[in-house]
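Spelled out from the first residue to the last, the chains are:
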Amino acid sequence: MQSHVVGGLRRCFRSYCETRLMIHTGILGLGAHWDDRYGPVLKALRQRISVRAVYNCVTNRAEQIASELGANVVQGVRSLMERSDIQAVLWIDPAWHGI
């Protein structure tokens, strides 16, 4: 299922990327598959997808990934969702079902 999600993400943005627009995103929860799935895809698409903010309940992990992506760490879900510079939120960690 997870590889299907990553493949779907690539296909979803393919036509959007052809318009040469940048999508400014925030990341909600890094999840267990950041290093082997989501991170590599976002890094490969960095000319089309700009990660602006990262929230994760493990602050050190959020700081590490935000630093790698040139993004800001936010202190909560509300802070992430209220940012005016974010057009899309990638809700990666399935544990966020209470929102």
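Residues numbered from 1 in each chain as written. Predicted model: local features only at pLDDT ≥ 70, side-chain atom pairs only at ≥ 80, totals over all residues. Heavy atoms only, no water.

Thoughts on the confidence of the model for the protein
For clarity, the threshold we go by: Confidence scores per residue from the predictor, reported as pLDDT, run from 0 to 100. Numbering of helices and strands runs from the N terminus, with a helix taken as a DSSP run of H or I at least four residues long and a strand as a DSSP run of E at least two residues long.
In the predicted model, the protein carries a mean pLDDT of 83, and 76% of its residues have values of at least 70. Looking across the protein, the model is least confident in helix α1 (residues 2-18), with a mean pLDDT of 57, and most confident in strand β3 (residues 72-73), with 97.

A word on the nonpolar core
Counted only if it meets this: Only buried residues count toward a nonpolar core. Its members are Ala, Val, Leu, Ile, Met, Phe, Trp, Tyr and Cys residues joined through side-chain atoms within 4.5 Å. The buried label applies to any residue whose accessible area, calculated with a 1.4 Å probe on protein chains only, is under 20% of its type's maximum; exposed applies above 50%, and partly exposed to all values in between. Only heavy atoms enter the contact rule, under which two residues are in contact if any of them lie within 4.5 Å.
Formed by 16 residues in total, the largest nonpolar core has its most connected members in I27, L30, W34, L42, V51, V54 and I92. Elements supplying a minimum of two residues to this core: α2 (34-44), β2 (49-55) and α3 (59-69). Counting residues per element, this core draws most heavily on α2, which supplies 4 residues. The residues touching V51, leaving out its near neighbours within four places in the chain, are T25, I27, L42, L69, G70 and A71. If you look at the next biggest cluster of nonpolar residues, it comprises 7 residues, including L28, Y55, V77 and L80.

Details of the packing of α2 against α3
As a reminder of what qualifies: What counts as an axis is a line fitted to C-alpha atoms, over the stretch in contact for a helix, and the angles between N-to-C directions run from 0 to 180 degrees. In what follows, roughly perpendicular refers to angles from 65 to 115 degrees, roughly parallel to angles under 35, roughly antiparallel to angles over 145, and oblique to any angle outside these ranges. Whether a crossing is left-handed or right-handed is set by the direction in which the near helix is turned from the far one by less than a right angle, anticlockwise for left-handed and clockwise for right-handed. As a working rule, the residues Ala, Val, Leu, Ile, Met, Phe, Trp, Tyr, Cys and Pro are called nonpolar, Asp, Glu, Lys and Arg charged, and the rest polar, with Gly in that last group.
Interaxial distance between α2 and α3 falls to 12 Å at its minimum, and their mutual angle equals 30 degrees. As far as their axial angle goes, α3 and α2 are roughly parallel. Pair α2 / α3 crosses with right-handed handedness. Contacts from W34, D35 and K43 in α2 reach R61, I65, E68 and L69 in α3. Tallied by class, the residues present in the contact of α2 with α3 amount to 3 nonpolar, no polar and 4 charged.

Thoughts on the environment of A53
Mapping A53 onto the fold places it in strand β2. Using a relative accessible area of 0% as the deciding quantity, one classes A53 as buried. Discounting chain neighbours no more than four positions away, the residues touching A53 are T25, G26, I27, A71, N72, V74, L80, R83 and I86.

Here's the deal with α2
Applied cut-off: By definition, the arc is the one covered by directions from the helix axis to the C-beta atoms.
Listed in full, the buried residues belonging to α2 are W34, Y38, G39, V41 and L42. All buried residues of α2 fall inside an arc of 160 degrees around its axis, so they share one side. Residues of α2 that are exposed and point over 90 degrees away from its buried face: D35 and A44.

What about the sheet that holds β2?
The line we're drawing: When DSSP finds at least two bridges between two strands, those strands are taken to pair.
An order of β3-β2-β1-β4 is seen for the 4 strands of this open sheet, with the pairing classed as parallel. What marks the edges here is a single partner per strand, and that holds for β3 and β4 (88-91). Where β2 and β3 come together, 2 bridges link them in parallel fashion. Paired with V54 across the two strands is V73, which belongs to β3.

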